Amino acid sequence: MSEEVRWARRPFDGHAISVPLEEDQELTHVLPGTPGGEYLRRFWHPVAMSDRLGHRPEPLRILGEDLVLFRDGSGRLGLLHKHCLHRRASLEYGKVEERGIRCCYHGWKFDVDGTVLETPGEPADSDIRHRYCQGAYPVHEVKGLIFAYMGPPEEQPPFPYLDSFDIPDHDLVPYSIHSPCNWLQESENSMDPYHSVFLHGRVNGPQFPGLEHFVELPVVVYHKRAEGFVYSHARRRDDLVMIRFHDHLTPNFAQNGGMFQVLSEPKTYGRTSLTKWVVPIDNTNSRKFGWRHFNDKDEVLRQGNRDEVGWEKVDFYGQTAHRSRDEMRDNPGDWEAWSSQGPINVHRRECLGQTDKGVSLLRAKLRRDIRAVARNEAVTRPVGTPEAPYHTYGGDTILRLPKDNQDDRAMMDRVQRDVAEIYFAADAYEGEDRTDYIKREVSARFCT
Ligand code: FES
Ligand SMILES: [Fe+2]
């Protein structure tokens, strides 16, 4: 067998790489029974927006499984395998009843947990209904998003409640957008702060109002957490240094700093504008679910537009397929970048550099955790309740730090580590006490 050719290494030699290579199946395949698919099934994932669910059962495809979601007459949510246990008619044509759903074909009726409630054509003394269940998954509804756990019941974690679900003065508006590509491509975008410099700044001009300073190459620091990553990146404009924190919980959760910012004066601490998950539909399709956070404190430019947030839309640049082909080519956004990597990006054909550290860290952690699950070992997952939520860090601090004679990039590296220490020390507190601690300490340390 000839040696694998991964790159062209001389001019005019496209021919060297004209034979396609296979994708990294371990990281990208999500179907049931695959290592990646089983790993992903150890987590809760959003699967639907509440306001899309009417009186009919909704067909969904998640992690390569065909499902139906419904809300029965008593208000309970059910997520069942789409094909009826009896002879596999689709339950998307089922009739939702006061309790459960009835298949249209022969009238078998299922509860929200898959229990067979009735088999009306069978003899009265038949025990067939006690011998089987329709495939079902537990669901949990939070602020207009419906989450599901699709792993083995004995591995089910409690639903992880994050502090960003309840930030005072933040109004969470759900949204969801499809991408015709493997889930990892969009998820990696959130671990790649350098793309902002080029995609959102230098190549076609600034794309986000207030974030024009994105054109500067940031100084990036990755602060590892057991459940994933927190990273920060710092950029200077004159005397001001903006330090922006991102959360990235594996496998697929991300939260960044404020949208519609302004870098014109110091700010001790502002919180996130965007909470999101990238959920695999199958190997070559994914759907982002999340919330835009509307608030006046953390989005000082107040250019958000909640009418533009919802199904297949969000109120900032370049996030959907719904622009003209010419517009997309003239000024592509995030959606064009990750979707254009192909249905499944082939990592072996990439040529990673120093700016890809976040992507490499993410892939390495995913691979470790996929292998841990394959060995029946536990993976660290976020734990939180509404009373004691899991702490996240997505947000921004802006400091007045005039340049001095030191190496400025070394100073920005040091300063963001110091600010991160304050953020992490605040973990001793909850809610507003935690925010107050960060503001007080940042102010005492950097704003005297
Ligand atoms: S196929 Fe559903 S009841 Fe027969
Ligand atoms: Fe981006």
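Residues numbered from 1 in each chain as written. Chains lettered and ligands numbered in written order. Predicted model: local features only at pLDDT ≥ 70, side-chain atom pairs only at ≥ 80, totals over all residues. Heavy atoms only, no water.

Colleague: Where do I start with the sheet that holds strand 5 (residues 95–96) in this structure?
Modeller: Working definition: the strands of a sheet are paired by backbone hydrogen bonds and lie parallel or antiparallel to each other. Across the sheet, which stays open at both edges, the four strands sit in the order 5-6-7-8 with antiparallel pairing between neighbours. Edge positions in the sheet fall to strand 5 and strand 8 (116–118), since each has one partner strand and no second. In this sheet, strand 6 (residues 101–102) lies alongside strand 5 in antiparallel orientation, the contact comprising two bridges. For V96, the partnering residue across the bridge sits in strand 6 and is I101. (Pairing = 2+ DSSP bridges. Helix = DSSP H or I, 4+ residues; strand = E, 2+ residues; numbered from the N terminus.)

Colleague: What is the right way to read the coordination of the iron ion (ligand 2) from this model?
Modeller: By definition of the ideal shapes, a tetrahedral metal site with four donors has angles of 109.5 degrees and an octahedral site with six donors has angles of 90 or 180 degrees. On the protein side, the iron ion (ligand 2) has H195 (NE2), H200 (NE2), D334 (OD) and D334 (OD) as donor atoms, found 2.1 to 2.6 Å from it. For the iron ion (ligand 2), the four donor atoms in the first shell make angles of 55 to 144° at the metal, so the coordination geometry reads as irregular. Here the donor residues for the iron ion (ligand 2) map to a single chain with the spacing H-x4-H-x133-D. With a gap of 139 residues between them, H195 in helix 5 (residues 195–202) and D334 in helix 7 (residues 334–339) connect regions that are remote in the sequence. By relative accessible area, D334 is classed as buried at 5%. (Donors = N, O, S within 2.8 Å, 3.2 Å for Na, K, Ca; no water. Tetrahedral: all angles 85-135°; square planar, octahedral: opposite > 155°, others 65-115°. Buried < 20%, exposed > 50% of the residue type's maximum accessible area, 1.4 Å probe, protein only.)

Colleague: Teacher, can you tell me more about the sheet that holds strand 4 (residues 77–81) here?
Modeller: Spatial strand order, 2-3-4-9: four strands in an open sheet with antiparallel pairing. Only two strands of the sheet have a single neighbouring strand rather than two, namely strand 2 (58–62) and strand 9 (136–137). Looking at chain direction, strand 2 and strand 3 (residues 65–71) are connected through five bridges and run antiparallel. Residue pairing for strand 3: I62 is matched across the bridge by E65.

Spatial relationships are all this shows, so hold off on functional conclusions.
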